[in-house]
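Residue-level structural notes
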Amino acid sequence: MSGALLRESPLRGSAVRVALIGMGRMGRALDALAPERGCEVVARFDAAEMSSGVAAADLNGAQVAIEFTTPEASVANAIALLGLGCPVVIGTTGWSTHLPDIEAAAHRAQCAALWSPNFSIGVQLFLAIAEDAARRARQVAGFDAHVVETHHIGKLDAPSGTGIAIAERLQDGLGRVVPITSVRTGSVPGTHEIIFDAPFEQIRLVHEARDRRVFADGALTAARWLAGAPAPGVYTMRDVLASSQASS
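Residues numbered from 1 in each chain as written. Predicted model: local features only at pLDDT ≥ 70, side-chain atom pairs only at ≥ 80, totals over all residues. Heavy atoms only, no water.

1. Concerning the sheet that holds strand S6 (residues 144-151)
Just so we agree on the cut-off: Here, a strand pair is defined by DSSP locating no fewer than two bridges between the strands. Only runs of H or I of at least four residues qualify as helices and only runs of E of at least two qualify as strands under DSSP, and these elements are numbered from the N terminus. To define axes, lines are fitted to C-alpha atoms, for helices over the stretch in contact only, and angles between the resulting N-to-C directions are given on a 0 to 180 degree scale.
Spatial strand order, S7-S6-S8-S9: 4 strands in an open sheet with mixed pairing. On the outer flanks of this sheet lie strand S7 (180-184) and strand S9 (201-209), each paired with one strand and no other. Within this sheet the neighbouring strands show an average axis-to-axis angle of 15°, counted without direction. Direction of pairing for strand S8 (residues 190-198) relative to S9: antiparallel, over a ladder of 9 bridges. Along S9, the bridge assignment pairs histidine 192 with histidine 207.

2. Some points on the sheet that holds strand S10 (residues 233-235)
The 6 strands are arranged S2-S1-S3-S4-S5-S10 in an open sheet whose pairing can be described as parallel. Across the chains shown, the open sheet's two edge strands, defined by having one partner strand only, are strand S2 (39-45) and S10. Averaged over all adjacent pairs, the angle separating strand axes in this sheet is 25°, with direction ignored. Bridge count for strand S1 (residues 16-21) against S2 is 6 bridges, and the pairing is parallel. Along S2, the bridge assignment pairs leucine 20 with arginine 44.

3. Re the pairing of S6
Applied cut-off: Working definition: with a 1.4 Å probe on protein chains only, accessible area under 20% of the residue-type maximum means buried, over 50% means exposed, and in between means partly exposed. Crossover handedness is defined by viewing with both strands directed away from the observer: a clockwise path from the first strand over the helix to the second marks the crossover as right-handed.
Within S6, 6 of the 8 residues are buried, leaving the element largely enclosed by the surrounding structure. Inspection of the sheet shows S6 paired to S8 by 7 bridges, in the antiparallel sense. Opposite alanine 145, over in S8, you have phenylalanine 196 as the bridge partner. Direction of pairing for S6 relative to S7: parallel, over a ladder of 5 bridges. The residue bridging glutamate 149 from the neighbouring strand is serine 182, located in S7. In this fold, the crossover linking S6 to S7 by way of helix H7 (residues 161-174) has right-handed handedness.

4. A closer look at the pairing of strand S5 (residues 112-115)
Moving residue by residue along a regular strand, the side chains alternate between the two faces of the sheet. Burial along S5 is two-sided: Ala112 and Leu114 facing one way and Ala113 and Trp115 facing the other are all buried. With 3 bridges joining them, strand S4 (residues 88-90) and S5 adopt parallel strand pairing. Paired with isoleucine 90 across the two strands is tryptophan 115, which belongs to S5. Tracing the backbone out of S4, into helix H5 (residues 99-109) and back to the parallel element S5 gives a crossover that is right-handed. Taken together, the 3 bridges between S5 and S10 define a ladder with parallel strand orientation. Its bridge partner being in S10, alanine 112 is matched across the sheet by glycine 233.

5. Considering the nonpolar core
Going by this rule: For the purposes of this section, nonpolar cores are sets of buried Ala, Val, Leu, Ile, Met, Phe, Trp, Tyr and Cys residues that join through side-chain atoms within 4.5 Å. Every residue pair with non-hydrogen atoms within 4.5 Å of one another is taken to be in contact.
Formed by 30 residues in total, the largest nonpolar core has its most connected members in Leu30, Val64, Ile66, Val89, Leu114, Phe119 and Leu226. Within the residue set of this core, elements represented by two or more residues are S1, helix H2 (25-33), S2, strand S3 (64-67), S5, helix H8 (213-226) and helix H9 (237-247). With 8 residues, the top contributor of residues to this core is H8. Those residues in contact with phenylalanine 119, other than ones at most four positions away along the chain, are Phe68, Val89, Ile90, Gly91, Leu114, Gln124, Val214, Phe215, Gly218, Ala219, Ala222 and Met237. Within the second largest apolar cluster, 25 residues are counted, among which are Val75, Ala78, Cys86 and Ile90.

Written out as structure tokens, the structure is:
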């Protein structure tokens, strides 16, 4: 599956109008990359503007919003956008215990949302590899499993949403709980490591994000997909990849 294929869209040939919610590091990365990915940013909101309330007219005709703020604000932001009839890609992590609230809001508004603990396409492949490796490890004796996730010092949630997602995939394959170790240091965009350890050998699988633009790229791919008017509901990057595979 190629990156070019993943960036194809039901709206190919026309720029998708996007509203950015949160103008921190990820918001700025999205803003810079959007034109290269077939998206036009038509509205930008920082945290203070969102907390003051946003009307439909403020979205300036956006077909979809991309939200990267904080766990404390993200759910309210997404519910507000859905209430305005604007599909929303939720890039913030650390709020997933409130997923039923997002599902209920999408149902009420008959609108669509998409969330993921990580928008990197490589991480989506890594998750599939993790589950397959865990199933294979389950068939032999002596291998233990552990997840280590490392991020920059400013990341608020620990373990990361991606670390949890990897552990869950491993648990699906192994049939047992897999521990996670979180490291917060420096300016690391995101490194995730799976360790399969046996008495006399060790297997390590690593995904390393070299630049936060990888997350912006995936979020813009998701936004283009979501703007293609799927049925109301809540989706994940697995749906985006499944759709891309089905059309290839």
